[in-house]
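Notes for the structure review
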Amino acid sequence: MAVMSGMRAAMVSYRLGMADGVSVTAAVWVKALRRLGMRVRTVAGDGRADVLVSGLALDAARPPTRRELAAALDEMDVVVLDNVCSLPMNRLAGEAVAAHLAGRPTVLRHHDLPWERERYADISTWPPDDPAWRHVTITESARRSLAAHRGIAATTIYHGFAERPCPWQRNVVRRRLRVPPRRPLILQPTRAIARKNVDVGLAFAASLGGTYWVTGPAEEGYEGVLEGLLRDAPVPVRRRLPMGTGMAGAYAACDAVVLPSSWEGFGLPLIESALHRKPIAVGEFPVGRELATFGFRWFDVADPAPLRAFLADPDPALLDHNEAIAHRHFGFDPLVRRLGRLLSGTAACPHVGPLREQGDDGCDCLTA
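None of the values given here were measured: they were computed from a predicted structure.

**Focus: the sheet that holds strand β1 (residues 8-16)**
Across the sheet, seven strands lie side by side as β3-β2-β1-β4-β5-β6-β7; this open sheet has parallel pairing. Every other strand in the sheet has two partners, leaving β3 (51-52) and β7 (155-156) as the edge strands with one partner each. As judged from the five bridges shared by strand β5 (residues 106-110) and strand β6 (residues 133-137), these two strands associate in the parallel manner. Within the sheet, the bridge partner assigned to valine 107 lies in β6 and is arginine 134.

**Focus: the state of the cysteines**
All told, the structure shown has zero disulfides when counted by the stated rule. Looking at the unpaired cysteine 254, the closest cysteine sulfur is the one in cysteine 166, lying at 11 Å.

**Considering the packing of aromatic side chains**
Per the counting criterion, the structure on display carries eight aromatic pairs. Seen in terms of ring centroids, tyrosine 158 and phenylalanine 330 are 5.6 Å apart; in terms of plane orientation they differ by 70 degrees. Their pairing is edge-to-face. Taken together, the positions of tyrosine 158 in the loop between β7 and α5 (170-177) and phenylalanine 330 in helix α12 (residues 316-330) put the pair 172 residues apart, joining distant regions of the chain. No difference in accessibility class separates tyrosine 158 from phenylalanine 330, as the two residues are buried. Cation over ring: lysine 31 sits above phenylalanine 332, and NZ or CZ is 5.0 Å from the ring centre.

**A look at the side chain of threonine 156**
For threonine 156, the location among the structural elements is in strand β7. You can call threonine 156 buried: its relative accessible area is 0%. Engagement of the side chain of threonine 156 in a polar contact is seen with the side chain of threonine 137, the distance being 3.2 Å. A distance of 3.3 Å separates a polar atom in the side chain of threonine 156 from the backbone oxygen of threonine 139.

Analysis parameters
Residues numbered from 1 in each chain as written. Predicted model: local features only at pLDDT ≥ 70, side-chain atom pairs only at ≥ 80, totals over all residues. Heavy atoms only, no water. Pairing = 2+ DSSP bridges. Helix = DSSP H or I, 4+ residues; strand = E, 2+ residues; numbered from the N terminus. Disulfide = S-S within 2.5 Å. Phe/Tyr/Trp six-rings, centres within 6.5 Å; stacked < 30°, edge-to-face > 60°. Buried < 20%, exposed > 50% of the residue type's maximum accessible area, 1.4 Å probe, protein only. Lys NZ or Arg CZ within 6 Å of the ring centre and 35° of its normal. Polar contact = N/O pair within 3.5 Å; in protein donor to acceptor, adjacent residues only side chain to side chain.

Structure, rendered in structure tokens:
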């Protein structure tokens with residue numbers, strides 16, 4: 001494994017230290033970079049970070065100045081841009097950062113790409129590119145799409161997870177939620193937005209005779225729709241995380257997970273559920289099909305009967321199977337190795353595919 005002791009890295013995003021998928025996975029990258037011996041500074045426009053630059057926030061009225069960017073980034077050996085130059089949610093901020101980092105060692109990690117969202121479909125010049133930069137996608141389908149739309153070569157590095165299950169929290173969290181011990185608790189660990197299909201999650205929980213729990217906030221103008229759905233819900237509903245409860249506690253408390261999305265950039269619950277040894281019912285979306293090729297055994301959100309039977313008579317072998325795959329391909333140590341290769345220059349050329357584990361040190365690089 002490459003060790004870059006003493007090198008300085010900055011992790012930059014619109015927001016960090018929050019419950020969204022970018023923040024969660026950025027925190028794992030920070031931990032991995034530190035395992036490699038690097039000194040890491042987090043920089044964001046909002047949330048919790050070592051350096052807050054207001055012009056980087058999603059709703060910033062003005063972009064960050066060159067002086068602000070210089071103070072935050074100029075002493076770094078490498079900068080990781082986490083989705084800042086992927087979706088143009090604050091295009092002026094992204095353009096300012098891209099201009100400032102031209103010609104400098106930079107990793108652009110793309111969680112989402114413009115053509116995946118209808119409102120950005122007419123933008124043809126993002127993500128930006130530079131000969132000194134390396135691009136990372138979080139799935140193979142995104143890598144191929146980036147090459148097709150922008151002619152940009154990338155390396156796929158799947159998310160790594162440093163999950164620590166805490167089953168002892170189960171009863172504590174269920175009491176906080178006021179969920180009876182014998183009632184199934186169905187967890188949807190997502191934000192409430194249109195593509196997460198809360199209505200499907202509600203119906204699925206109802207088919208299991210359970211309590212439905214969505215942990216994320218309503219965003220992207222979905223507040224009114226959500227209130228209507230929950231007002232007419234056929235089952236008891238819980239929202240958000242109780243005070244003092246984290247996502248590990250949420251997984252400990254639930255009996256099953258539901259991810260009924262029609263689109264996900266990755267779909268963190270697919271892996272988190274395996275690491276926390278919970279069955280999951282999954283909707284039909286492209287990345288789900290890609291990750292299923294690793295061999296996971298999931299339930300179909302369109303057919304609740306098999307999961308209902310599983311909850312009545314659990315099969316630990318299925319949970320063992322999914323947990324083993326998650327640790328092997330999406331664990332923290334594989335992520336550290338992949339990042340070490342990427343940053344040391346020992347990874348395969350960027351025009352090839354994902355670094356997928358093949359033993360302790362090998363990788364299986366797929367040609368584009």
